[in-house]
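# Secondary and tertiary structure notes
Spelled out, the chains give:
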Amino acid sequence: APSVEARIRRYRWEVKYEYRSPDCYKKLVMTINGRAPGPTIIAQQGDTIVVELKNSLLTENVAIHWHGIRQIGTPWFDGTEGVTQCPILPGDTFTYKFVVDRPGTYLYHAHYGMQRQAGLYGSIRVALPDGESEPFSYDYDRSIILNDWYHKSTYEQAVGLSSKPFVWVGEPQSLLIQGRGKFDCTSSPSIGDGLCNASSPDCSPYTMTVVPGKTYRLRIGSLTALAALSFEIEGHNMTVVEADGHNVEPFVVKNLFIYSGETYSVLIKADQNPSRNYWMSSKVVSRNSTTPNGLAIFNYYPNHPRRNPPTVPPAGPLWNDLAPRLAQSNAIKSHQGYTLPPPLKSDRVIVLLNTQNSINGYRRWSLNNVSFNFPHTPYLIALKENLLHSFDQTPPPDNYDVANYDIYSVANNTNATASNSIYRLQFNTTVDIVLQNANTMNANNSETHPWHLHGHDFWVLGYGTGKFDVNSDPKKYNLVNPSMKNTVPLHPYGWTALRIRADNPGVWAFHCHIESHFYMGMGVVFEEGIERVGRLPSSVMGCGATKAFHRP
Ligand SMILES: O=C1O[C@H]([C@@H](O)CO)C(O)=C1O
């Protein structure tokens, strides 16, 4: 139970653009109080977080999502522009107020357009109440966020993705570890453009200093725009103990696969030769990427924190070796006694076929041939205030033509459409969601998609290869000790099965956490229990059909 002395933690944040060189290459970065990544929110279970957010971006709107926080009773503070709130205008201050009801490792980041990849993100660490302890022990607690990094502005990328002809964002220029990377300033086209400075203090490597013999809990989050990553610390095994805020049955890895939107806690014992430093490294997997590995320094005290290790950095796993990635997904089980088991039956099954399509000449991603478009009026407000004309009321399909769909070939999907329709779930029912992967518009290609659900944790019932069989595959579901997560990978040509309880009144996005893919329509929205949602704060209104409701 939360401690009786639950506190209110107040933050005053100012968001603006500033010139920064996170990978030595200077560009406009979104900062919070001058920092990117933003400040870490450190709280205790049951605390109330109040963030007064001032938008000083001059000409851009903003909204911030509290990733992994379920917003029970406060669905209007989920921070998802177009779903739960109107955007925060330049010059305006918006106050988020919500309770962190569970211990664990969470994230926050911009959730408007593709602003997350402009650098607007940070960590949330929720500790247990005083006197309670985890089912594992450690001496010190650290948080890092892994990211990829583009030199083009988020705006330029968004315009390209929504242009005819389609302009793909391409592979990121760098990988960042806790906001720091290293672009090769001698590589074209940066030579001589005056923007790359290899000795900028912004791009000195992240250093994690450890005391020999001590055990570290390292909380690792990924907020990549595109890349699936493998992370490792040279010469050190990692014991995975937490995933997305849930304690898991501990398992040991040499490298951790982590998908955008996921968080993990790993335990690392500083038990190697202490006379030197070691590499921390991140590497792109699942795409044949040109992006160099991200590097940071695992520094054994009292060696100099910036002294490079004497070794060649680890190469990391092969990008196209799917087997170890599947094995890690399957290894994640709930820690006994810490996560409720799932209901044994579901009331509804929604199968979502993930495809890449062309719609009216635009390159899009679709679920059951429906590509997501944002409405002009946020759903939560439209539904609560009965502005139903403001979005398409025909529900999207619960399935696709399974019998006649070949997931291994390039398909035309000529009947794909773009829509802002949503799924309405009966309150307090159990719903299974099966994500089905397929070939993209390129031959012999299927991608990894990290799917993130707002407002809930889901049970991960299983992963499979090939086409999901609604009769036989559910018999293999893990109903005994599945982990709960808020983000889960859909592997190439595979399926992932999830179970949720529709018990959190509100309107919740469920989408691919790849920034460009969601922008290209790869998401759906669930409504449940709208009639139980309390009075909306007027601060979330003011756009679209809600203008008349806005009382500042
Ligand atoms: O959405 C995407 O578009 C490109 C490519 O399919 C376009 O040709 C790619 O790699 C994606 O992930």
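Definitions and cut-offs
Residues numbered from 1 in each chain as written. Predicted model: local features only at pLDDT ≥ 70, side-chain atom pairs only at ≥ 80, totals over all residues. Heavy atoms only, no water. Pairing = 2+ DSSP bridges. Helix = DSSP H or I, 4+ residues; strand = E, 2+ residues; numbered from the N terminus. Axes fitted to C-alpha atoms, helices over the stretch in contact; angles between N-to-C directions. UniProt positions renumbered as here; feature names shortened; annotations may be inferred. Salt bridge = Lys/Arg side-chain N within 4 Å of Asp/Glu carboxyl O. Buried < 20%, exposed > 50% of the residue type's maximum accessible area, 1.4 Å probe, protein only.

## Some remarks on the sheet that holds strand 3 (residues 41–44)
Spatially, 4 strands are ordered 3-8-7-5 in an open sheet, and the strand pairing comes out mixed. Edge positions in the sheet fall to strand 3 and strand 5 (64–67), since each has one partner strand and no second. Neighbour-to-neighbour, the strand axes of this sheet turn through a mean angle of 20°, independent of strand direction. As paired elements, strand 7 (residues 104–110) and strand 8 (residues 121–127) share 6 bridges and run antiparallel to each other. Pairing of tyrosine 108 across the sheet is with glycine 122, part of strand 8.

## Observations concerning unusual backbone geometry
Between alanine 36 and proline 37 the backbone carries a cis peptide bond, its omega angle lying at -5°. Cis geometry marks the peptide bond from tyrosine 301 to proline 302; its omega dihedral reads 5°. With respect to the helices, strands and loops of the structure, proline 302 is situated in the loop between strand 19 (294–300) and helix 2 (323–331). At asparagine 369, a residue that is not glycine, the phi angle is positive and equals roughly 70°. For asparagine 369, the location among the structural elements is in the loop between strand 21 (362–367) and strand 22 (370–372).

## Details of the UniProt feature "domain: Plastocyanin-like" (unreviewed entry) in the protein
In the numbering used here, UniProt assigns the "domain: Plastocyanin-like" (unreviewed entry) feature to residues 15–127, 143–302 and 397–529. Helix makes up 0% of residues 15–127 and strand 43%, with an end-to-end C-alpha separation of 26 Å. Across residues 397–529 one finds 4% helix and 40% strand; the C-alpha atoms that close the span lie 20 Å apart.

## Some details on the pattern of salt bridges
For the coordinates displayed, the defined rule picks out 21 salt bridges. Glutamate 447 is the salt-bridge partner of arginine 287, the closest N and O atoms lying 3.2 Å from each other. Of the two residues, arginine 287 sits in the loop between strand 18 (278–285) and strand 19 while glutamate 447 sits in the loop between strand 25 (430–436) and strand 26 (449–453), which places them 160 residues apart along the sequence. Of the two residues examined, arginine 287 and glutamate 447, each falls in the buried class. We note a salt bridge from glutamate 531 to arginine 532, for which the minimum N-O separation is 3.9 Å. Both residues of the pair, glutamate 531 and arginine 532, count as exposed. Shared partners join several salt bridges into a network, and the residues in it are Arg125, Asp141 and Arg219.

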